[in-house]
Amino acid sequence: MTTFADPDSAGTAAPETDVAQERRLVTEIPGPRSVELMDRKTGAVAAGVGTTMPVFATRAAGGIVVDVDGNHLVDLGSGIAVTTVGNSARRVVEAVQRQVAEFTHTCFMVTPYEAYVAVAEALNRVTPGDHDKRTALFNSGAEAVENAVKIARVHTGRQAVVVFDHAYHGRTNLTMAMTAKSMPYKSGFGPFASEVYRAPLSYPFRDGGLDGAEAAARAIDVIDKQVGAGNLAAVVIEPIQGEGGFIEPAPGFLPALAQWCRENGVVFVADEVQTGFARTGDLFACEREGVVPDLIVTAKGIAGGLPLSAVTGRAEIMDATHTGGLGGTYGGNPLACAAALAAIETIEQDGLVGRAREIETLMRERLGRIAERDGRIGQIRGRGAMIAVELVEEGTDAPNPDLAKAVAAAAHQQGVIVLTCGTYGNVLRFLPPLSISDDLLNDGLDVLDAAFESAR
Ligand SMILES: *Cc1c(COP(=O)(O)O)cnc(C)c1O
């Protein structure tokens, strides 16, 4: 086994792996074996399940995904913000291997086990606020969002839920209703759950200079007039929007909303499924403005790639639900719990919050240089290792989704995994694993730089 970086040196993450930490193309993208597998996929997998890149993975570690043809791809996506601690991170692998040999499942609701309780304790400790907390575990982000709404409804005795423009909360029936964008998430899949209302967000690039307080007042006015605080169980918001375009509300927006919720007995729910676990250069994005949510929903980065999600919050809200009202066959699966404990330990021991901030500095500097000469970059935004560029028609603020597609396609051809997002499809987003080295990150950004040039 080769170590490719010094584990103690900042700025060069240290995947202990035999996966060479360099971009290496040995075939065209996609290579012949991937093409073959894509044919099998088409014949076997439902057409509704799309893929960003037409290559099939065999291994991944550090900042590299290896495909079945032996190409080494630079990972600027982390499987959509999931492998924050890196793919097959050492502690995660060891913890899961230990657990899988002991027992794989008993169902926590039948014969409970310690790891679930330990994950709950860890989440109660690391999430914002020092109040008394409780946690319940689930399998996916959408399932956890649904459960946060269930809990808020029982606690308040109210039904309405407020969400925001550009929001993404998942693909189940209730979370489709909460998600804003029709294509591809909702189109044709209705009717959707009722009692979900949408308020305007703070979107500094596109809302004409409204500051955070003004944008909050605008949202609260809509909520007040169209829903009424007395009917409202919960306000659910992503502190930085994920799929909606990495939109970071103006300072003051989140604190004002949280304050209004507190004054009106409304449960303030932070959906930190994408922003959580060091991703934004804080353990949770809410911390940046000192916002303490009543409930916080986590998933994605929680368990190093194993499926797990959670709702954590004030004990009096979490405990309002009758015994047996929350749960699920697999929720808090022992392998996922072992992985979560190892992932949280990795974040804390390896200083990954600080690493996310270093990645932000590097990415902003490099992207800033591209933006200086390319007027099609309307804005660089985001925090930590959650950075995006919103692309426009030069000299206007008209969304430019074609450029996002072209740049992403060019990067894919050169072996760099990048994702797009945004209501208008015009946002390139970067979510590197925090285990990526500066060298790999710089190499990925070199490719991106050239991709902007080739897309002229
Ligand atoms: C991905 C995501 C979800 C849904 O999570 P799944 O695990 O895909 O169900 C919910 N909210 C946010 C903010 C997300 O990014």
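Use the structure listed above.
Since this is a predicted model, take the numbers as computed values, not measurements.

**Student:** So, the overall build of the protein chain: which residues are in play, and what are the values?
**Tutor:** Tallying secondary structure elements over the protein chain gives 13 helices and 15 strands in all. Relative to a compact globule of 456 residues, whose C-alpha radius of gyration would be 23 Å, the protein chain shows 22 Å and is just as compact. On the principal axes, the C-alpha backbone points of the protein chain span a range of 60 × 60 × 45 Å. The buried share among the 456 residues of the protein chain stands at 55%. Taking the average location of the 39 positive side-chain charges in the protein chain and that of its 57 negative ones, the two points are 3 Å from each other.

**Student:** Residues and numbers for the sheet that holds strand β13 (residues 416-417), please.
**Tutor:** An order of β1-β2-β3-β13 is seen for the four strands of this open sheet, with the pairing classed as mixed. Edge positions in the open sheet fall to β1 (57-61) and β13, since each of these has one partner strand only. Sheet contacts for helix α13 (residues 438-454): β2 (64-67), β3 (72-75) and β13; angle to β3, the most-contacted strand, approximately 95 degrees.

**Student:** Tell me about unusual backbone geometry, and name the residues and values.
**Tutor:** M183 connects to P184 through a cis peptide bond whose omega is 5 degrees. When you line up the elements, P184 lands in the loop between α6 (173-178) and β6 (196-199). With an omega of 0 degrees, the peptide bond between G190 and P191 qualifies as cis. With respect to the helices and strands, the residue P191 is situated in the loop between α6 and β6. At I80, a position not held by glycine, the phi torsion is positive, near 65 degrees. Summarising the element assignment, I80 is placed in helix α2 (residues 78-81). The class of I80 is partly exposed, set by a relative accessible area of 34%. For S88, which is not glycine, the phi dihedral falls at a positive 45 degrees.

**Student:** Give a detailed account of the nonpolar core, specifying residues and quantitative values.
**Tutor:** Grouped together as the largest cluster of nonpolar side chains are 123 residues, with contacts concentrated most on F164, F253 and F452. For this core, the leading source of residues is helix α10 (residues 334-349), giving ten residues. Here this core gathers at least three residues from each of two domains, domain 1 (32-75 + 351-454) and domain 2 (92-349). Leave out the neighbours within four places in its chain, and F452 touches I370, D374, R376, I377, V389, L391, L403, V407 and L428. Within the second largest apolar cluster, nine residues are counted, among which are A81, L419, C421 and V427.

**Student:** Could you give an account of the pattern of salt bridges, with specific residues and numbers?
**Tutor:** When their charged atoms lie close together, side chains carrying opposite charge are able to pair. Applying the stated rule across the entire model yields 28 salt bridges. For R90, the salt bridge goes to E94, with nearest N and O atoms at 3.9 Å. Note that R90 and E94 are positioned in helix α3 (residues 90-102) at a spacing of four residues, about one turn of the helix. Linking R206 and E390 is a salt bridge whose minimum nitrogen-to-oxygen distance equals 2.6 Å. One end of the pair, R206, is in the loop between β6 and α7 (212-226); the other, E390, is in strand β12 (residues 386-391), with 184 residues separating them in the sequence.

What counts as what
- Residues numbered from 1 in each chain as written.
- Predicted model: local features only at pLDDT ≥ 70, side-chain atom pairs only at ≥ 80, totals over all residues.
- Heavy atoms only, no water.
- Helix = DSSP H or I, 4+ residues; strand = E, 2+ residues; numbered from the N terminus.
- Rg over C-alpha atoms; globule rule 2.2 N^0.38 Å.
- Buried < 20%, exposed > 50% of the residue type's maximum accessible area, 1.4 Å probe, protein only.
- Lys, Arg positive; Asp, Glu negative; His and termini not counted.
- Charge placed at Lys NZ, Arg CZ, Asp CG, Glu CD.
- Pairing = 2+ DSSP bridges.
- Contact = heavy atoms within 4.5 Å.
- Axes fitted to C-alpha atoms, helices over the stretch in contact; angles between N-to-C directions.
- Core = buried A, V, L, I, M, F, W, Y, C linked by side-chain atoms within 4.5 Å.
- Domains from an automatic or database assignment.
- Salt bridge = Lys/Arg side-chain N within 4 Å of Asp/Glu carboxyl O.

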